[in-house]
There are 2 protein chains.
Amino acid sequence: MIKQIEGGVCAPAGFRANGVHCGIRKNKIKKDLALIVADTRCACACVYTTNLVKGAPILVTQKHVADGYAQAVVVNSGNANTCNDNGVEIAEAMCALVETHSGVPAEDVVVASTGVIGQKLSIDPIANGMEALTKGLGQNSSAAAEAIMTTDTVKKEIAYTFMLDGKECRIGAICKGVGMICPNMATMLMFITTDASISPQMLQKAISADVKDSLNMLSVDRDTSTNDTMCIMASGLAGNCEIVAPNAAYKTFCKALHAVTVAMCRALARDGEGATKLIECRVTGASSIKNARLAAKSVIDSNLLKAAMFGCDANWGRVLCALGYSGAALDVDKIDVAFRSDAGELPVCKNGRGIDFSEELAKRVLSEDTVYIDVELNDGKCKATAWGCDLTYDYVKINGDYRT
Amino acid sequence: MIKQIEGGVCAPAGFRANGVHCGIRKNKIKKDLALIVADTRCACACVYTTNLVKGAPILVTQKHVADGYAQAVVVNSGNANTCNDNGVEIAEAMCALVETHSGVPAEDVVVASTGVIGQKLSIDPIANGMEALTKGLGQNSSAAAEAIMTTDTVKKEIAYTFMLDGKECRIGAICKGVGMICPNMATMLMFITTDASISPQMLQKAISADVKDSLNMLSVDRDTSTNDTMCIMASGLAGNCEIVAPNAAYKTFCKALHAVTVAMCRALARDGEGATKLIECRVTGASSIKNARLAAKSVIDSNLLKAAMFGCDANWGRVLCALGYSGAALDVDKIDVAFRSDAGELPVCKNGRGIDFSEELAKRVLSEDTVYIDVELNDGKCKATAWGCDLTYDYVKINGDYRT
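What comes next is a walk through the structure. (Residues numbered from 1 in each chain as written. Chains lettered and ligands numbered in written order. Predicted model: local features only at pLDDT ≥ 70, side-chain atom pairs only at ≥ 80, totals over all residues. Heavy atoms only, no water.)

A tally of helices and strands in chain A yields eleven helices and 15 strands. For 404 residues, the compact-globule estimate of 2.2 N^0.38 gives 22 Å, and the C-alpha radius of gyration of chain A, at 21 Å, lies within 12% of that figure. Considering only C-alpha atoms, chain A reaches an extent of 65 × 55 × 35 Å along its principal axes. A sequence separation of at least 24 residues applies to 79% of the contacts in chain A between residues at least 6 apart. The averaged location of the 45 negative side-chain charges in chain A is 1 Å from the averaged location of its 41 positive side-chain charges. (Helix = DSSP H or I, 4+ residues; strand = E, 2+ residues; numbered from the N terminus. Rg over C-alpha atoms; globule rule 2.2 N^0.38 Å. Contact = heavy atoms within 4.5 Å. Lys, Arg positive; Asp, Glu negative; His and termini not counted. Charge placed at Lys NZ, Arg CZ, Asp CG, Glu CD.)

Another aspect to go through is the interface of chain B and chain A. Contacts between the two partners involve 54 residues from chain B and, on the opposite side, 54 residues from chain A. Counting the surface lost from both chain B and chain A, the interface buries some 4400 Å², and carbon and sulfur atoms represent 55% of this. For the pair chain B and chain A, the number of links is two salt bridges. The closest approach of N and O atoms between D85 of chain B and R353 of chain A, which form a salt bridge, is 3.7 Å. Those elements that provide at least two residues to the side of chain B that touches chain A are helix 8 (303–310), helix 9 (317–324), strand 13 (353–354) and helix 11 (393–400) of chain B. Ranked by residues supplied to the side of chain B that touches chain A, first place goes to helix 11 of chain B with six residues. In terms of residue class, the side of chain B that touches chain A is built from 23 nonpolar, 19 polar and twelve charged. (Buried area = accessible area lost by both parts, 1.4 Å probe. Salt bridge = Lys/Arg side-chain N within 4 Å of Asp/Glu carboxyl O. Nonpolar A, V, L, I, M, F, W, Y, C, P; charged D, E, K, R; others polar.)

Here we come to the packing of aromatic side chains. For the coordinates displayed, the defined rule picks out five aromatic pairs over all chains. With a centroid separation of 6.3 Å and 70 degrees between ring planes, the pair formed by Y393 of chain A and Y393 of chain B is classed as edge-to-face. Of the two residues, Y393 of chain A sits in helix 11 (residues 393–400) while Y393 of chain B sits in helix 11, which places them in two different chains. Where F310 of chain B meets Y393 of chain B, the ring centres are 5.3 Å apart and the plane angle is 90 degrees; that geometry is what we call edge-to-face. Placement of the pair is F310 of chain B in helix 8 and Y393 of chain B in helix 11, with a sequence separation of 83 residues. Chaining the aromatic ring pairs together yields one cluster made of F310 and Y393 of chain A together with F310 and Y393 of chain B. Of note, R340 of chain A hangs over the ring of Y372 of chain A, and the distance from its end group to the ring centre comes to 4.6 Å. (Phe/Tyr/Trp six-rings, centres within 6.5 Å; stacked < 30°, edge-to-face > 60°. Lys NZ or Arg CZ within 6 Å of the ring centre and 35° of its normal.)

Between the two copies, chain B and chain A, the superposition gives an RMSD of 0.0 Å; the rotation angle is 180 degrees and the shift along the axis is 0.0 Å. One copy is carried onto the other by what is essentially a two-fold rotation axis. The rotation axis passes nearest to the C-alpha of Y393 of chain B in chain B, at a distance of 2.5 Å. A high fraction, 100%, of the interface residues of chain B reappear at the interface in chain A, so the copies pair face to face through one surface. (Least-squares fit on C-alpha atoms with pLDDT ≥ 70 in both.)

Here we come to the packing of helix 11 of chain A against helix 11 of chain B. Helix 11 of chain B packs onto helix 11 of chain A with a crossing angle of 165 degrees between their chain directions and a minimal axis gap of 8 Å. The orientation of helix 11 of chain A with respect to helix 11 of chain B, classified from their angle, is roughly antiparallel. Both helix 11 of chain A and helix 11 of chain B take part in a crossing whose hand is right-handed. For the pair formed by helix 11 of chain A and helix 11 of chain B, the contact residues are Y393, V396 and K397 of chain A on the first element and Y393, V396 and K397 of chain B on the second. Along the lines of polarity and charge, the residues of the contact of helix 11 of chain A with helix 11 of chain B split into four nonpolar, no polar and two charged. (Axes fitted to C-alpha atoms, helices over the stretch in contact; angles between N-to-C directions. Parallel < 35°, antiparallel > 145°, perpendicular 65-115°, else oblique. Left-handed = near helix turned anticlockwise from the far one by under 90°.)

On to the side chain of K176 of chain B, then. Residues and elements named next belong to chain B. Assignment of secondary structure puts K176 in strand 7 (residues 167–176). Although K176 is buried, it forms no salt bridge, and the closest oppositely charged side chain is D152 at an N-O distance of 4.4 Å. Of the polar contacts made by the side chain of K176, one reaches the side chain of T114; its length is 2.8 Å. Separated by 3.0 Å, the side chains of K176 and T150 make a polar contact. (Buried < 20%, exposed > 50% of the residue type's maximum accessible area, 1.4 Å probe, protein only. Polar contact = N/O pair within 3.5 Å; in protein donor to acceptor, adjacent residues only side chain to side chain.)

This part is about the side chain of T252 of chain B. Residue placement: T252 of chain B occurs in helix 6 (residues 248–270). Residue classification places T252 of chain B among the buried residues on the basis of a relative accessible area of 18%.

In structure tokens, the structure reads:
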């Protein structure tokens, strides 16, 4: 029913995108300015970082989408426009430039920035680049995905089709960085477009619920950025009946949305700074959804476990240790743990006690680029999944000298 | 008034110690079994890990010190004796061996283990080593400090004198690992001895209060061990009037205790796995002590900041970011931040905004082996200090292949 397609944020009807190098970044080639423009005014909903230190673009975006509608997204990388004297002024100026060049009113523009905190962002390169950026608008989701990257090594975009009222709908996304609410390596930005027709209220309800089991369960380093933003715009051009209540169509829409956010979470975790592998922790048998989430997130967050995963070391004691301090209510003597990958399955702990396993098989299982950690709490029927990555020399290298 | 002296846990009157290699660890030289024996039955108080997964030795120790008294401490390194089928049995057997060889009743023995989780601990090497361990008891605090080390690179011991009722009292400690309540790299163990006379109740009150501003403010990697134990024994041989109430003598005792625990926290943080430097974050001007502690701890806990400190990068945005997600109530626009070391002071942020600074001075300040991060919240009169270290390649190396 939900089928993956090409096109990223331009797959849904009514969206054009582009990305250019305007010169914010020292690197002379890397694109650093992105724009998404919708043909129509869209229902729009956002969720933001919970960090008390909030980037100036978030303050401006919150004001612009307060009425539940937006029509464009402008994003720069290379500078977070945060903790500056004139951050709000610059963010407003970016929106005004979009109005000048595309005709979309500034108050319908979502603005975001990612990069170094505390350095002034000049409007000049953005003003200079805006004409080329706007002129090149088209089916260029990939260019926009590239332009928002910072230390990302691959661009991240996805799109799916799904059916509502017999109408084919599309939903697409681009994102960068990693993290939200808890985690972050620099800034997590995710922009989702859809041509499904849905009210601003239901759109907000959908993404606010979705992040609990998607972005909030993602962690690279437990640092929460000042600029995290997830934004969704719905053009309504697919022609389905507008979703205005939590009915069956709403549930279908939420499933498609979740397919997008989970795919993006996996891509973000896999590309976590310095990461060599994606770690997915699946907790089952929890007594509550809250306990399941706490347990899964705690395993993914453990530096000790992340370093062990880098070393392909089946040090399951660190899984138990992380479960023990997770804050989740659990019975240690009931816990089963297994590592799993394409190379096989490796049960390592039963009822909270170690069981014999082959070190040779362990090395093979943990050497794959996607490793699952299955935790069965045997304490109920609730479950949760969290995504993360290993902790490597390169994480230290990248973050030991990011600013200078 | 409080003066540092030599002797570690043997500095106070009435304590002997020793450490030997008994063969638990594969390494043929490293000492792995420690013993501290008091001449008299001592008032004793402990605090333990809050991890729900608790090492078997903790369960046994809790039982043995339930009456507020103990007379000996036995510790092995190389195996945490945790998540095993027969962990409690082995821990009890260790105490029985102490009784056999030293005459101290098993139920007056504190037992602790540190090392790998989930592997069976054989009593054989411990039984074989106990005679040499007991025979060698004397002013050997250093041998005991060595025997409890795991990935520690230096042994950690300290002692101070202080006066109570005109009597000279002494307090000494050995410790290993790092962390408590929140943090841990493997297991934090700290054993403190004193010849001051103090009731078990007041001793417990003193250490329970002290850890809030000492061990609980220490973090290497935010992983809380299953075996963390801090234990203090008071022989009373100094001859002061027994402290039985929170009077002036109690306050003096608490100051001496705090001098010991802070010195040990600094030593633990400096020797954090892979660390090249000690990071001390001093938060002042907080509206409550809780906010001060949350803010200081959050800065020390940030992987991003820790990596920046390794790279001598004055990336103060990461300090603000960590303050913002700390959970502390604060006004971002009032925050001042400075880095400081023996090489000078470097104000980097005033009222939540960046201020110009010399990159050359920044490198010099951050290249020292002790770096202070001063955070003034300008929001009240409360303060707190937290200790941590930088995040380095060696942290990843050590923990990527610890078990095998």
